[in-house]
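# Structure assessment
So you can see what is in the structure, the chains are spelled out below.
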Amino acid sequence: MVGERERARHWRYAELPDVDLLRARYISKTFVRHTHEHFVIAAISQGVDVFHHGGSDQHAGPGSLALVNPDTPHTGRAGGPEGWRYGAVYPSPGLVAEIAAETTGIRGAPGFTSPVLDDPYAVELVHRVLRAADEGNALAADTLLRVAVTRLLRRTGGPLPQRTVRSAGGGVAARARAVLEERMDRPPTLERLATELGTGPFALLRAFRDAYGMPPHTWLTDARVRRARRLLDDGTAPADAAVAVGFTDQPHLNRHFTRIVGVPPGAYQRERKNVQDPTVGPPYRR
């Protein structure tokens, strides 16, 4: 591994509009606790990806996949000093539901029941999707993606549990989330938020963690990065996006964005702008 360095490309292919794509080599990279709006299907080719998920550390090594459902808190880091290399596709919930309805008998919103699956063939399918996208082969990219998702759903798929707010604590957490979404650029302190909602700070903290798997301040950072991604996709400059979502400045956005998305906002936006440009190639191949 001498001479290896961290590098990543996070992009979209115009012919797969509901899918984010990633190819990465990380060594000391650490992903903080965060969520995704899309599914995560990460195919590990070298090293071990360790990610905290569902209350414990999961280990995905070569020939296996890390699978995370939408809005599921998780982290990420290397399982050894050599780091890890992987390719990932992030299909939207709508696309996965469409594939599940056509190819499986899953009732309700589909999802993955296991966070790690040992399946070298599915790993290869994911990397073939990325290569097809690199080459501008829309037919192959779409076909291989659907075959891969179908295979994974048939092997470890099932209906996602429905999230319903039944307890008083759950209702308080939902109201707190709504306040933070509305006032993302000027959020209240925990004490003020609790007072507004007619509860105590620690009661609110417990309720929020129970409902969303992370404390309010961690959730807010994750939500800010999500909204920043949408602004960058729409062409907003990183500095302006930073202020719009409540970060103090662009370096503040850069730090959190990179720890959640895996690439800096400027690199992320450049790839989005180049989505129609077939001359823009990947930094490396598997």
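Nothing here was measured: the structure is a model prediction, and the numbers come from that model. (Residues numbered from 1 in each chain as written. Predicted model: local features only at pLDDT ≥ 70, side-chain atom pairs only at ≥ 80, totals over all residues. Heavy atoms only, no water.)

### Looking at the overall build of the protein chain
Scanning the protein chain for helices and strands turns up 10 helices and 12 strands. Taken over C-alpha atoms, the radius of gyration comes to 19 Å for the protein chain, in line with the 19 Å a tight globule of 286 residues would show. Summarising its shape, the C-alpha atoms of the protein chain cover approximately 55 × 45 × 35 Å along the three principal directions. Residues classed as buried in the protein chain amount to 50% of the 286 residues present. Accessible surface computed for the protein chain: about 13,400 Å², of which carbon and sulfur atoms make up 50%. Separation of charge centres in the protein chain, based on 38 positive and 31 negative side chains, amounts to 3 Å. (Helix = DSSP H or I, 4+ residues; strand = E, 2+ residues; numbered from the N terminus. Rg over C-alpha atoms; globule rule 2.2 N^0.38 Å. Buried < 20%, exposed > 50% of the residue type's maximum accessible area, 1.4 Å probe, protein only. Areas by Shrake-Rupley, 256 points an atom, 1.4 Å probe, with all protein chains shown as cover. Lys, Arg positive; Asp, Glu negative; His and termini not counted. Charge placed at Lys NZ, Arg CZ, Asp CG, Glu CD.)

### Points about the sheet that holds strand E11 (residues 116-118)
Within a sheet, each strand pairs with its neighbour through backbone hydrogen bonds, oriented either parallel or antiparallel. In space, the six strands of this open sheet follow the order E1-E2-E9-E4-E7-E11, with antiparallel pairing throughout. A strand with exactly one partner marks an edge of an open sheet, and here the two such strands are strand E1 (7-11) and E11. Shown here is a sheet whose adjacent strand axes are inclined to one another by a mean of 15°, direction ignored. Two elements, strand E7 (residues 64-68) and E11, share three bridges in a ladder whose sense is antiparallel. (Pairing = 2+ DSSP bridges. Axes fitted to C-alpha atoms, helices over the stretch in contact; angles between N-to-C directions.)

### A few points about the sheet that holds strand E5 (residues 49-53)
Strand order across the open sheet formed by four strands is E3-E8-E5-E6, with antiparallel pairing between neighbours. Each of the sheet's edge strands pairs with one partner strand only, and the pair in question is strand E3 (30-34) and strand E6 (56-60). Between one strand axis and the next, the sheet turns by 20° as a mean value, whatever way the strands run. Across two bridges, E5 lies against strand E8 (residues 74-78) in antiparallel orientation. Opposite Val 50, over in E8, you have Arg 77 as the bridge partner.

### Looking at helix H1 (residues 93-103)
Residue pairs three or four apart in sequence face the same way in an α-helix, which turns once every 3.6 residues. By the burial criterion, the buried members of H1 are Leu 95, Val 96, Ile 99 and Ala 100. Each buried residue of H1 lies within a common arc of 135° when the element is viewed along its axis, so the set occupies one face. In H1, those exposed residues whose orientation departs by more than 90 degrees from the buried face are Ala 101 and Glu 102. (Arc of directions from axis to C-beta.)

### Some remarks on the nonpolar core
Judged by nonpolar contacts, the single largest core of 33 residues is most densely connected at Leu 21, Ile 41, Leu 65, Val 89, Leu 145 and Leu 152. Once residues lying within four places of it in the same chain are set aside, the contact partners of Leu 145 are Leu 16, Val 19, Val 89, Leu 95 and Val 129. In this structure, Val 179, Val 225, Leu 253 and Val 261 belong to the second largest nonpolar core, which totals 30 residues. (Core = buried A, V, L, I, M, F, W, Y, C linked by side-chain atoms within 4.5 Å. Contact = heavy atoms within 4.5 Å.)

### Considering empty space enclosed by the protein
Inspection of every chain in the model, using the stated rule, returns one cavity of 30 Å³ or more. Each pocket or cavity is described by its volume, and for the largest cavity that value is around 200 Å³. Residue lining of the largest cavity: 19 residues in total, with Phe 31, Val 40, Asp 49, His 74 and Tyr 86 positioned closest to the centre. When contributions to the lining of the largest cavity are tallied by element, the ones reaching two or more residues are E3, strand E4 (40-47), E5, E7, E8, strand E9 (84-91) and helix H9 (250-261). The greatest single-element share of the lining of the largest cavity, amounting to four residues, is contributed by E9. (1 Å grid on protein atoms, 1.4 Å probe; cavity = no way out; pocket = protein on both sides within 12 Å on 5 of 7 lines; lining within 4 Å. Points joined across faces, edges and corners; volume = space filled by probe spheres on them.)

### With respect to the side chain of His 36
As for its placement among the helices and strands, His 36 is situated in the loop between E3 and E4. The exposure class assigned to His 36 is buried, which follows from its relative accessible area of 13%. The contact partners of His 36, leaving out residues within four places of it in the chain, are Pro 70, Asp 71, His 74, Tyr 90 and Arg 226.

### With respect to the packing of aromatic side chains
For the structure on display, the rule yields eight aromatic pairs. Note on Phe 208 and Trp 219: the rings are 6.0 Å apart at their centroids and 75° apart in plane angle, and the pair reads as edge-to-face. Of this pair, Phe 208 sits in helix H6 (residues 201-212) while Trp 219 sits in helix H7 (residues 216-233), and the two are 11 residues apart along the sequence. Geometrically, the ring pair formed by Phe 257 and Tyr 268 is edge-to-face, given 5.3 Å between the ring centres and 70° between the ring planes. One end of the pair, Phe 257, is in helix H9; the other, Tyr 268, is in helix H10 (residues 265-273), and 11 residues separate them in sequence. (Phe/Tyr/Trp six-rings, centres within 6.5 Å; stacked < 30°, edge-to-face > 60°.)

### Considerations on the pattern of salt bridges
Two side chains with opposite charge may pair up if their charged atoms get near one another. Within this structure, the stated rule accounts for 19 salt bridges. Residue Asp 20 pairs with Arg 272 through a salt bridge whose shortest N-O separation is 2.9 Å. With a gap of 252 residues between them, Asp 20 in strand E2 (residues 19-26) and Arg 272 in helix H10 connect regions that are remote in the sequence. For the pair shown, Asp 20 and Arg 272 are each scored as buried. The salt bridge partner of Asp 185 is Arg 186, with a shortest N-O separation of 4.0 Å. (Salt bridge = Lys/Arg side-chain N within 4 Å of Asp/Glu carboxyl O.)

### A word on the confidence of the model for the protein chain
Considering every residue of the protein chain, the mean pLDDT works out to 93; 92% of them sit at 70 or more. Within the model, pLDDT remains below 50 along residues 276-284, and this stretch shows 15 contacts once partners closer than five positions in the same chain are excluded. (pLDDT = per-residue confidence, 0-100.)

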